[in-house]
Amino acid sequence: LRMLLDPETARPVRVDLLDADGKSRVICLLKDPIPVEARDDEDPFMGSFPSVIDVVMPADEARMTLTLKKPTHSDRYIREAYFDFDKLYKALKIKELINLDQPAAVPEPVPIR
């Protein structure tokens, strides 16, 4: 993973997912930061979030642009249950679970092509 920060604001403006050779496999360009709205009971300044996110996969010549209009920090929209592993596992009826924290079954990493 490689992250490029804006030298004036220290905000990330680019994030690269690198392969074993250090080549960029996925590039995220983070543009046009906008303020995040806070809940009424919090500090009104919650920071900022990029309103435009370009995701590029150079090897596949694939590109996707996400546009965010109104990022909000609110319990109404993001609930802990959406990220509860056990609930998701049961709800999605996962057939196979691969623990990435365990040693790989193969001795050497498989190159990405």
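Residues numbered from 1 in each chain as written. Predicted model: local features only at pLDDT ≥ 70, side-chain atom pairs only at ≥ 80, totals over all residues. Heavy atoms only, no water.

K.L.:
Residues and numbers for a nonpolar patch on the surface, please.
P.N.:
On the surface, a nonpolar cluster with roughly 560 Å² of combined accessible area is contributed by Phe85, Leu88, Tyr89, Leu92, Ile94 and Leu97. The topology assignment puts Leu97 in the segment after α1 (85–91). (Patch = residues over 30% accessible without salt bridge, like charges linked within 9 Å, V, L, I, M, F, W, Y side chains within 5 Å. Areas by Shrake-Rupley, 256 points an atom, 1.4 Å probe, with all protein chains shown as cover. Salt bridge = Lys/Arg side-chain N within 4 Å of Asp/Glu carboxyl O. Helix = DSSP H or I, 4+ residues; strand = E, 2+ residues; numbered from the N terminus.)

K.L.:
I'd like a description of the sheet that holds strand β1 (residues 2–5), backed by residues and values.
P.N.:
Overall, antiparallel pairing links the 5 strands, which are arranged β1-β2-β3-β4-β5 in an open sheet. The open sheet has two edge strands with one neighbour each: β1 and β5 (62–67). In this sheet, neighbouring strand axes are inclined to one another by 15° on average, regardless of whether the strands run parallel or antiparallel. Where strand β3 (residues 24–35) lies against strand β4 (residues 48–57), 8 bridges are found, and the strand directions are antiparallel. Across the sheet, residue Ile27 finds its bridge partner in β4, namely Val56. (Pairing = 2+ DSSP bridges. Axes fitted to C-alpha atoms, helices over the stretch in contact; angles between N-to-C directions.)

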